[in-house]
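Take a look at the letters that make up each chain.
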Amino acid sequence: MNSLANSTSPYLLQHANNPVNWYPWGKEALDKAKAENKLILVSIGYSACHWCHVMEHESFEDESVAAVMNEFFVCIKVDREERPDVDQIYMSAVQLMSGRGGWPLNCICLPDQRPIYGGTYFRKNDWTSLLFNLADFYKQKPEEAEEYAVRLTDGIQKYESVQFIAEQPEYTKDDLQLIADNWKRYFDKYEGGTGNAPKFPMPNNWLLLMRYAHLMQDDEIAKQVKLTLHKMAYGGIYDHIGGGFARYAVDGRWHVPHFEKMLYDNAQLITLYSEAYTWQPDELYRQVVDQIIHFSITELASADLGFYSALDADSEGVEGKFYIFTKAEISRILGDDTDLFCIYYHITEDGNWEEEHSNVLFRKETDEELAGKLGLGVDDLLSRIKASRKKVLDARGQRVRPGLDNKILASWNGLMLKGLCEAYRAFTKPAYLDLALKNANFILENLISQNGRLSRVYKSGNTVAFLDDYANIIDAFIALYEVSFNEYWLEQAKSLTDTAIAHYYDEANGVFFYTADDEEQLIARKSEIMDGVTPASNSAMARNLKKLGLLFDNESYAAVSAQLLRNIMPQLAKYGTAYSNWTMLLLDEVFGVYEVAITGNDTETVRREIENNYIPNKIILGGNKGSLPLLQDKFGASTQIFICKDKTCGLPAHNTADALKQMTA
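Reference entry: report on the structure contained in this document. Numbering of residues begins from 1 in every chain and follows the order in which that chain's sequence is written. With pLDDT at 70 or above as the cut-off, local features in this predicted model cover only qualifying residues; side-chain atom pairs require 80 or more to be listed or tallied, and sums for whole chains, interfaces and linings still use all residues. In computing side-chain properties, one takes all heavy atoms of the structure into account and sets aside hydrogens as well as water.

This part is about the overall build of the chain. Helix and strand counts for the chain stand at 25 helices and 20 strands. A compact globule built from 665 residues would reach a C-alpha radius of gyration of about 26 Å, and the chain, at 26 Å, matches this within 12%. Relative accessibility decides the category of a residue: with a 1.4 Å probe and only protein chains considered, values under 20% of the type maximum give buried, values over 50% give exposed, and everything between is partly exposed. Counting over 665 residues, the chain shows a buried share of 60%. Note on definitions: a residue-residue contact is assigned when non-hydrogen atoms from the two residues lie within 4.5 Å. At a minimum sequence separation of 6, the contacts of the chain that also span at least 24 residues come to 69%. Residue-level accessible areas treat just the shown protein chains as cover; the underlying method is Shrake-Rupley with a 1.4 Å probe. Just so you have it, the chain exposes about 26600 Å², and 48% of that area is on carbon and sulfur atoms. Between the averaged position of the 66 positive side-chain charges in the chain and that of its 94 negative side-chain charges there is a distance of 2 Å. A run of H or I in DSSP counts as a helix once it spans at least four residues, and a run of E counts as a strand once it spans at least two, with each numbered from the N terminus. The globule rule used here is 2.2 Å times the number of residues to the 0.38 power, and the radius of gyration it is set against is calculated over C-alpha atoms. All tallies of charge rest on Lys and Arg as positive and Asp and Glu as negative; His and the ends of each chain are not included. To locate a charge, take atom NZ for lysine, CZ for arginine, CG for aspartate or CD for glutamate.

Attention now goes to the state of the cysteines. A covalent bond between the sulfur atoms of two cysteines is what we call a disulfide. Only a pair of cysteine sulfur atoms within 2.5 Å qualifies as a disulfide here. A full pass over the atoms with the stated rule returns two disulfides. There is a disulfide in this structure between C644 and C649, and the S-S distance comes to 1.9 Å. Taking the sign of the S-S torsion, 100° for the link of C644 and C649, the bridge is right-handed. Since its relative accessible area comes to 1%, C644 is described here as buried. The connectivity of the disulfide-linked cysteines in the chain, indexed sequentially, is 1-2, 3-4. Free cysteine C75: the closest other cysteine sulfur is in C109, separated by 11 Å. Not engaged in a disulfide, the cysteine C109 finds its nearest cysteine sulfur in C107; these two sulfurs lie 5.0 Å apart.

For the rest of this paragraph, the subject is the pairing of strand β17 (residues 594–599). The buried count for β17 comes to six of six residues, which makes it a mostly enclosed element. Side-chain alternation along β17 places Y594, V596 and I598 on one buried face and E595, A597 and T599 on a second face that is also buried. One ladder, built from six bridges, connects β17 with strand β18 (residues 618–623); its direction is parallel. The residue of β18 that forms the bridge with A597 is L621. With helix α24 (residues 603–611) bridging β17 and its parallel neighbour β18, the resulting β-α-β unit is right-handed. Two elements, β17 and strand β19 (residues 640–645), share five bridges in a ladder whose sense is antiparallel. Note that in β19 the partner of I598 across the bridge is I641. Criterion used throughout: strands pair if DSSP finds at least two bridges between them. Classification remark: right-handed applies to a crossover when, strands pointing away from the viewer, the course from the first strand over the helix to the second runs clockwise.

Multiplying one less than the number of residues by 1.5 Å gives the expected span of a helix. In a regular helix each residue adds 1.5 Å, so 19 residues correspond to 27 Å; helix α16 (residues 378–396) covers 26 Å between its end C-alpha atoms and thus fits that length. Residues L381, I385, S388, R389, V392 and R396 constitute the buried set of α16. What you see down the axis of α16 is that its buried residues fit within an arc of 110°, all on one side. Facing away from the buried surface of α16 by more than 90 degrees, the exposed residues are D379 and K386. For α16, the secondary structure elements touched by its buried residues are α12 (283–300), β12 (325–326), α13 (327–334), α14 (338–345) and α15 (367–374). By arc we mean the arc of the directions from the helix axis to the C-beta atoms, nothing more.

Before going further, it helps to examine the nonpolar core. Grouping buried Ala, Val, Leu, Ile, Met, Phe, Trp, Tyr and Cys residues that are joined through side-chain atoms within 4.5 Å yields what is termed a nonpolar core. Core analysis: the largest hydrophobic core is formed by 193 residues, its most contacted members being M69, W127, Y273 and F477. Residues in contact with Y273, not counting those within four places in the same chain, are L229, M232, A233, F245, Y285, V288 and V289. Listed in part, the 25 residues of the second largest apolar core include I44, V74, L522 and I523.

Moving on, we come to the environment of R83. On the secondary structure map, R83 appears in the loop between β3 (73–79) and α5 (84–98). Sequence separation of R83 and V464 is 381 residues, and the distance between their C-alpha atoms is 9.0 Å. When residues no more than four places from it in sequence are discounted, the contact partners of R83 are W25, V78, F466, E520 and L522. As used in this structure description, the phrase polar contact means that two N or O atoms lie within 3.5 Å; if the pair is within protein, one of them must be able to donate a hydrogen and the other to accept it, and residues adjacent in sequence are counted only when both atoms belong to side chains. Within the structure, R83 has its side chain in polar contact with the side chain of D85 (distance 2.9 Å).

Moving on, we come to the packing of aromatic side chains. When the centres of two rings from Phe, Tyr and Trp lie within 6.5 Å, Trp using its six-membered ring, the rings pair. Their planes under 30 degrees apart give stacked, over 60 give edge-to-face, and anything left gives tilted. Overall, the coordinates contain 27 aromatic pairs when judged by the stated rule. Geometrically, the ring pair formed by W22 and F60 is edge-to-face, given 5.0 Å between the ring centres and 90° between the ring planes. Of this pair, W22 sits in the loop between α1 (10–14) and β1 (23–24) while F60 sits in helix α3 (residues 50–60); the two residues are 38 residues apart in sequence, bridging distant segments of the chain. Residue F60 is classed as buried on the basis of its relative accessible area of 1%. When the ring of Y238 is compared with that of F245, the centres are 4.7 Å apart and the planes differ by 55°; the resulting orientation is tilted. By relative accessible area, which is 3% here, Y238 ends up buried. Of the residues examined, F245 reaches a relative accessible area of 0% and is grouped as buried.

Here we come to the packing of helix α8 (residues 173–184) against helix α23 (residues 580–591). A fitted line through C-alpha atoms represents every axis, and for helices the fit uses only the stretch in contact; the resulting angles, taken between N-to-C directions, go from 0 to 180 degrees. Where α8 contacts α23, the two axes come as close as 9 Å, and the packing angle between them is 150°. As judged from the angle between their axes, α8 and α23 are roughly antiparallel. Here the hand of the crossing between α8 and α23 comes out left-handed. Contacts between α8 and α23 involve K173, D175, L176, I179 and W183 on the former and, on the latter, S580, T583, L586, L587, V590 and F591. Here the residues of the contact of α8 with α23 are counted per class, giving seven nonpolar, two polar and two charged. Throughout, the term roughly parallel applies to angles under 35 degrees, roughly antiparallel to angles over 145, roughly perpendicular to angles from 65 to 115, and oblique to all others. Crossings are sorted by hand: turned counterclockwise from the far helix by less than a right angle, the near helix makes the crossing left-handed, and turned clockwise it makes it right-handed. Gly is placed with the polar residues, together with every amino acid not listed as nonpolar (Ala, Val, Leu, Ile, Met, Phe, Trp, Tyr, Cys and Pro) or charged (Asp, Glu, Lys and Arg).

Turning next to the pairing of strand β2 (residues 39–45). Residues in a regular strand point their side chains to alternate faces of the sheet. The buried fraction of β2 is high, at seven of seven residues. Burial along β2 is two-sided: L39, L41, S43 and G45 and I40, V42 and I44, pointing in opposite directions, are all buried. Summarising the sheet, β2 and β3 pair through seven bridges and their orientation is parallel. By the bridge assignment, L41 is partnered in β3 with C75.

Below you can see the structure in the form of structure tokens.
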């Protein structure tokens, strides 16, 4: 076994038996490269990545390929989910070189870590040829290699950088309108989402657009959000048997998934569909949320309620094998109920995807439409489908399961905790709050040290953490306060915020670095600016600081949030899909944030009544006691609701209807 044998990362352990002399990222490998003047080969991926597996089988398990890698390079394997800081740097390099990126990510670097060449997946022969050429190039033309490294490293350091803007502009609805109008051009008005193929769920994009549609009264965008939510939930990207979403669809119809299931997607989709239910109630949204949570508990939860990272796309070496069915298999499982089930999920004899006779389950019609066509009552249809689905799930459970990436990451657990809080906010199901509290306590007990610092990875022996770990857990603790009114969670959020400002904030440039000032320094200290499949850590911190500034009446928090948005504002209209979380903050700036303070003995009842109304630009606080500034001098004999905005509070309302009038006037 190579040097990965002692790793805790499932991805690194997958490569521990390769003939390649892999090292984990660290001092031993980096010192070896300098001492032997060898190029570094940095290969980055994650355990659920299908093409990472393909390249491993084709190249890294091949003795002849490994011999070339071992002779000319110091080979380092990186789990991008454990070391997103390393991934960030070399992804920037590959995107600068090729205009695209992805995983597996392979970068060739000088002995001092500066990259000179990179790409993603390479076929075996191309890979071997490339390695020979690069080794020869470095030997014959070291000066040219140095020139490449200088230019590329300079580009990496400037990539995703922003200018400091001191003057506060006035934000208007016109700014929002411009962003939305540019975005609309990319809508797929037939299949939902944006663009053609592949299609990613991008939960934060649709959360923003939902809020925009509501606050700006934009019917076109509202229609697009609803279309997208339905198409995703009906498509094959959604696991209709076991719940949960795959990472993306390879086609433009949400039909054929890339079968890996990631915690971060499913966590955010809980938030999205929960908020959508409050916006425009639809039983489909309730079902999706409940099924994602059930999937997450069944497949991704540890015994003490930390959440694992992912399920692999492959089982038995075949992508999607666990999830697909032939009609003959369904017939053996369901007997007389086969035809109805196959009509419901569009299962055919020929099959509906690339594997012969195999089917990815998907829906087209609503239950009401299909019941009408078949001459059935809706309740009868649903009862029969539910019973059949249970039988198919039981049969599927006998198959060889996809691999589990059992890393527990702080950042992604923060997203999941937020999702559970939002599910409880929307549906008031006590089990959701119970799960949230258990997960929050897991985070407190296992991922936050005595000195208040976070660890990204549970039980890895590595205490490093990144800005997204702080940002997502702070956000989740704020959400947990808003559904429990327990100030303990807000104090935890505030403590983590102060730590993040102390170790990650660059006051001179008005931006947070992704890495702490007292952790390992790489060839560039980057800032994560653009929102992607998860919100950028800077946008998440900016929104956290906005909320905490209001909750604690803390002007310094508000000032940092305002500075961050000022710096990013020039980018928003150019490429809205990459700044959705920033635009959510802009919405709050333009429309203002209602501070809803509920005091007295019936605060939970009133909180639920308020939450049944869609008011996305609000924070909610309260209880029968509390130390927050906004609660002071507001406790009386009866339950009262105070609606405040822009440092001004209205007269106390004594019922929900009167309070709502103050927010909708």
